[in-house]
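Chain by chain, the residues:
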Amino acid sequence: MNPWQRFVAHMARPEPTTPLALFRICVGTIVFGTILASVLSGGVDILWLTDADGGYNTFRSKQWIVRWLGGHNAFTVWVLVWTCMLSALGVATGTLTRASALVCGQTFLALMSLAPGTGGSHDRLITNALWLLVLIPAGTTLSVDARWRTGRWRDDTPRPAWGRTLLVFQICLVYTSAGLHKLGVSWFPWGGYLAVHYALLDPTWSRLDITMLPAVAWFSPLTRFGTALSWFWEVTFAVSAWWLGTGRAERRLERLGSQPTSWQRLRHPDIRNLYVLVGVTMHVVLLVFMELGPFSLVTMSFYFGLYRHHELVRWLPGGRNDAA
């Protein structure tokens, strides 16, 4: 086969969609929780309602849905809030999955347009994730759609793998581009590897008061190591996708069998697991020490795309018997 034929065959190879379903559940839950937190904390009134409606927002959004609903006013804001939350529940439960993802993505975009200066990169990653859920077959298992169609919550019917490939491409693009954009001197040896040190102590982002930690002997070496490791990890994250895409993960599992010994694991490390371990550790640190919204949660949801159905199904109820 020529390169194009190999590419098409690679994208069309059949596999169950469990990774897509777990990704869908995470994204829907994260969006629902994000909007609900804004409602419960009073953030809707402060950030999105205009001063004419008792809020603090002096910006007037002209986004097309906002204009279609009658302009930037209290009615429009609350319609968008409740529609986004309900459609996010539809995404999480897999109810009319593609339609729910489309509505959720568009209403989320409209909400973010109400106060553009208050968002962040996670907003764009969330809308990218929701658009992917419109395209990929993420509602075919672990969903209400599957229950309606087959009478069961799980449907392991193989479908083309291009959907999972899109998830892997997206997360590789996020990390690689983020690493390549980190060109400040504090990320490199000649800047003392101080980027993480500065970020953790920046009062704009800090969740906790850790101003006493720089006096602790281990703090500076740890943050320097974290700076060097995180930059290298980001710019080389595509190595984990290469490990997956070349079939090395599959061949390793075949060699080791279903119950590899500790010595076998040591001799044949799974590159994906190493990268995922670093990523989870990094994002947990960000969640604990920094106020970055749902960035870490939505980013980690893409990790499901790095694993195939048979590698994930053992963690589902009754999945160990299926995997065996």
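The numbering scheme is per chain: residues are counted from 1 as the chain's sequence reads. It should be noted that, the model being predicted, local features are given only for residues of pLDDT at least 70 and side-chain atom pairs only at 80 or more, the latter also being counted only at that level, while totals for whole chains, interfaces and linings use all residues. Side-chain measures here rest on the full set of heavy atoms in the structure, leaving out hydrogens and waters.

**A look at the overall build of the protein**
What counts, and what does not: Note on conventions: DSSP H or I runs of at least 4 residues are helices, E runs of at least 2 residues are strands, and numbering of each starts at the N terminus. Burial here depends on accessible area, computed with a 1.4 Å probe over protein chains only, as a share of the maximum for the residue type. Under 20% is buried, over 50% is exposed, and the range in between is partly exposed. Computed by Shrake-Rupley with a 1.4 Å probe, the accessible areas treat only the displayed protein chains as cover when residues are assessed.
Looking only at helices and strands, the protein features 18 helices and two strands. The burial tally for the protein puts 46% of its 324 residues in the buried class. Carbon and sulfur atoms make up 68% of the accessible area of the protein, which amounts to about 16800 Å² in all.

**Notes on the pattern of salt bridges**
Proximity of charged atoms lets side chains of opposite charge pair with each other. Inclusion rule: Basic side-chain nitrogens of Lys or Arg form a salt bridge, by our definition, when they fall within 4 Å of a carboxyl oxygen of Asp or Glu.
Within this structure, the stated rule accounts for eight salt bridges. Between Arg154 and Asp156 there is a salt bridge, and its shortest N-O distance comes to 2.9 Å. The exposure class assigned to Arg154 is buried, which follows from its relative accessible area of 16%. Classification of Asp156 as partly exposed rests on a relative accessible area of 30%. What you see here is one network of salt bridges that share partners, running through Arg149, Asp155 and Arg159.

**Thoughts on helix H2 (residues 18–41)**
Short version of the rule: To estimate how far a helix should reach, multiply one less than its number of residues by 1.5 Å.
Helix length check: H2, at 24 residues, gives a terminal C-alpha distance of 34 Å against a target of 34 Å (1.5 Å per residue), a fit within 8%. Within two residues after H2, Gly42 carries a phi angle of roughly 85 degrees, on the positive side.

**Looking at unusual backbone geometry**
Phi is positive for Leu142, which is not a glycine, with a value near 50 degrees. Relative to the elements of secondary structure, Leu142 occurs in the loop between helix H7 (121–135) and helix H8 (144–150).

**Overview of the packing of H7 against helix H9 (residues 162–181)**
Angle between the axes and distance between the axes: these two values describe a pair of packed helices. How we decide: Working convention: axes come from line fits to C-alpha atoms, limited for helices to the stretch in contact. Angles between N-to-C directions cover 0 to 180 degrees. Under this scheme an angle from 65 to 115 degrees is roughly perpendicular, one under 35 degrees roughly parallel, and one over 145 degrees roughly antiparallel; angles in between are oblique. Take the far helix as your reference; a near helix turned counterclockwise from it by less than a right angle gives a left-handed crossing, and one turned clockwise gives a right-handed crossing. Contact criterion: two residues are considered in contact whenever any of their non-hydrogen atoms come within 4.5 Å of each other.
Relative orientation of the contacting elements H7 and H9 amounts to 165 degrees, with a least axis distance of 10 Å. For the element pair H7 / H9, the angle class is roughly antiparallel. At the point where H7 passes H9, the crossing takes the right-handed sense. In contact with Leu125, Asn128, Leu132 and Leu135 of H7, H9 contributes Trp162, Leu166, Leu167, Gln170 and Val174.

**A few points about the packing of H2 against H9**
The following threshold applies: Residues are grouped as follows: Ala, Val, Leu, Ile, Met, Phe, Trp, Tyr, Cys and Pro are nonpolar; Asp, Glu, Lys and Arg are charged; all remaining types, including Gly, are polar.
Relative to each other, H2 and H9 sit at 50 degrees, their axes nearing to 9 Å. Here H2 is positioned oblique relative to H9, judged by the angle of their axes. With respect to the hand of their crossing, H2 and H9 are arranged in left-handed fashion. Contacts between H2 and H9 pair Pro19, Leu20 and Phe23 from the former with Gly163, Arg164 and Leu167 from the latter. Counted by class, the contact of H2 with H9 contains four nonpolar, one polar and one charged residues.

**As for a nonpolar patch on the surface**
Heads up, the rule is: Patch definition: residues with relative accessible area over 30% and no salt bridge; like charges joined within 9 Å; nonpolar side chains (Val, Leu, Ile, Met, Phe, Trp, Tyr) joined within 5 Å.
A surface patch of nonpolar side chains, amounting to about 370 Å² of accessible area, comprises Leu102, Trp131, Leu135 and Trp162. Within the secondary structure, Leu102 sits in helix H6 (residues 97–113).

**So, the nonpolar core**
To be explicit about the condition: Definition of nonpolar core: a set of buried residues of the types Ala, Val, Leu, Ile, Met, Phe, Trp, Tyr and Cys, connected through side-chain atoms within 4.5 Å.
Core analysis: the largest hydrophobic core is formed by 59 residues, its most contacted members being Val31, Ile35, Trp48, Leu111, Leu133 and Phe237. Among the elements that line this core, the one with the most residues is H2, at eight residues. Leave out the neighbours within four places in its chain, and Trp48 touches Ile35, Ser38, Gly43, Asn57, His72, Val77, Val81, Leu111, Met112, Leu114 and Ala115. Core analysis: the next-biggest nonpolar cluster, separate from the first, contains six residues, Leu200, Leu213, Leu286 and Met290 among them.

**Brief notes about the packing of aromatic side chains**
The cut-off we apply is this: When the centres of two rings from Phe, Tyr and Trp lie within 6.5 Å, Trp using its six-membered ring, the rings pair. Their planes under 30 degrees apart give stacked, over 60 give edge-to-face, and anything left gives tilted.
Following the criterion strictly, the structure yields eleven aromatic pairs and no others. Where Trp78 meets Trp82, the ring centres are 6.5 Å apart and the plane angle is 25 degrees; that geometry is what we call stacked. Separated by four residues within a single helix, Trp78 and Trp82 lie in helix H5 (residues 74–93), roughly one turn from each other. Taking relative accessible area as the criterion, Trp78 reaches 27% and is therefore assigned partly exposed.

**Side note on the side chain of Ser143**
Cut-off, in case you're wondering: Definition of a polar contact: a pair of N or O atoms within 3.5 Å, with one able to donate and the other able to accept a hydrogen when the atoms are protein atoms, and with sequence-neighbouring residues admitted only if both atoms are side-chain atoms.
Within the secondary structure, Ser143 is located in the loop between H7 and H8. At a separation of 3.0 Å, a polar atom in the side chain of Ser143 contacts the main-chain amide nitrogen of Ala146. Sequence-distant contacts of Ser143, that is, excluding residues within four places in its chain, are made with Arg24, Thr93, Gly94 and Trp153.

**Quick word on the environment of Ala178**
Its place among the elements puts Ala178 in helix H9. What makes Ala178 partly exposed here is its relative accessible area of 24%. Sequence separation of Ala178 and Val235 is 57 residues, and the distance between their C-alpha atoms is 7.8 Å.

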